[in-house]
Amino acid sequence: MLRKSLDKFMESAEKYENSRSKLLQSVSRKQMDMRQFNDRMLQMERSFIFAPGLPHRPQNRHILIASSILDAYSGSVFPGLYDSLALAQQDDSEENWNQVEKQLTIATWVTRAAARALSPDTFPI
């Protein structure tokens, strides 16, 4: 499911960028059109914010990129999923694997929300 969500996000991002490039090249671009593109980008970024935060560090709310609890010096993609998977591999408990499933669901959900935010169907221009 996450793979499908990521594919849809990439498709939406490519369409967004193509439309944005055409608008930037247009002689008659309007300020309101640019504002709508910026609003879609802002909504996309907000889609990756998860209010409860990441496991073991609720102060970190960005689902896509944050530091790992296993390596605080480098960022990781989908850190909640990455960390949960590493912990489940170390300690093969049902609780840890449930956390992996939960983080996979969250990652899928926010990626779908980000794809919708970039879609012109959601915020038509």
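In this report, we go over the structure that sits alongside the text. Owing to the predicted nature of the structure, the values given are computational and were not obtained by experimental measurement.

The next point concerns unusual backbone geometry. Within the chain, His56 stands out as a residue other than glycine whose phi angle is a positive 70 degrees. One can find His56 in the loop between helix 2 (31-47) and strand 1 (65-67). With relative accessibility at 66%, the residue His56 sits in the exposed group. With phi around 50 degrees, Phe78 is a residue other than glycine that occupies positive phi space. Within the fold, Phe78 resides in the loop between strand 2 (75-77) and helix 3 (79-90).

Core analysis: the largest hydrophobic core is formed by 23 residues, its most contacted members being Phe9, Met44, Phe48, Ile63 and Phe78. Those elements that place two or more of their residues in this core are helix 1 (2-25), helix 2, helix 3 and helix 4 (94-118). At eight residues, helix 4 tops the list of elements feeding residues into this core. Non-local contacts of Ile63, meaning those with residues more than four positions away in its chain, are made with Phe48, Phe50, Leu54, Phe78, Pro79, Ile106, Ala107 and Val110.

Here we take up helix 1. Along an α-helix, residues three or four apart share an orientation, since each turn contains 3.6 residues. Spanning 24 residues, helix 1 covers 34 Å between terminal C-alpha atoms, matching the ideal 34 Å at 1.5 Å per step. Along helix 1, the positions that sit buried rather than exposed are Leu2, Ser5, Phe9, Ser12, Tyr16 and Leu23. Structurally, helix 1 contributes buried residues whose contacts are with helix 2, helix 3 and helix 4.

Turning our eyes to something else, we now look at the layout of surface pockets. One number sums up the size of the largest pocket: a volume of about 180 Å³. If you go around the largest pocket, the residues you meet are Lys4, Ser5, Lys8, Glu11, Ser12, Lys15, Arg112, Ala115, Arg116, Ser119, Pro120 and Asp121. Among the elements of the structure, helix 1 and helix 4 are those that each provide at least two residues to the lining of the largest pocket. Tallying contributions element by element places helix 1 first for the lining of the largest pocket, with six residues.

Let us look at empty space enclosed by the protein. Counting across every chain of the model gives one cavity of 30 Å³ or more. Approximately 30 Å³ is the volume found for the largest cavity. Lining the largest cavity are Leu54, Ile63, Phe78, Gly80, Leu81, Gln103, Ile106 and Ala107. Looking at the lining of the largest cavity residue by residue, the classes come out as six nonpolar, two polar and no charged.

Cut-offs and rules
Each residue is numbered by its place in its chain's sequence as written, counting from 1. Residues qualify for local features only when their pLDDT is at least 70, as the model is predicted, and side-chain atom pairs are given and counted only at 80 or more; totals for whole chains, interfaces and linings, by contrast, use all residues. Values shown for side chains rest on all heavy atoms present in the structure; no hydrogens or waters enter the calculation. Put simply, DSSP marks the helices as runs of H or I at least four residues long and the strands as runs of E at least two long, and each gets a number from the N terminus on. The classification of residues rests on relative accessible area computed with a 1.4 Å probe and restricted to protein chains. Under 20% of the type maximum is buried, over 50% is exposed, and intermediate values are partly exposed. Nonpolar core, defined: a set of buried Ala, Val, Leu, Ile, Met, Phe, Trp, Tyr and Cys residues in which side-chain atoms within 4.5 Å join the residues together. Contacts are residue-level and defined by heavy atoms, with any inter-residue pair within 4.5 Å sufficient. A helix is expected to reach a length of 1.5 Å times the quantity of its residues less one. Cavities and pockets were defined on a 1 Å grid built from protein atoms only: a cavity is a group of points that admits a 1.4 Å probe but offers it no way out, a pocket is an open group of points flanked by protein on both sides within 12 Å along at least five of seven lines, and a lining residue is one with an atom within 4 Å of any such point. Grid points are joined across faces, edges and corners, and a volume is the space filled by probe spheres set on the points. Lys, Arg, Asp and Glu make up the charged group, whereas Ala, Val, Leu, Ile, Met, Phe, Trp, Tyr, Cys and Pro make up the nonpolar group; the residues left over, Gly among them, are polar.

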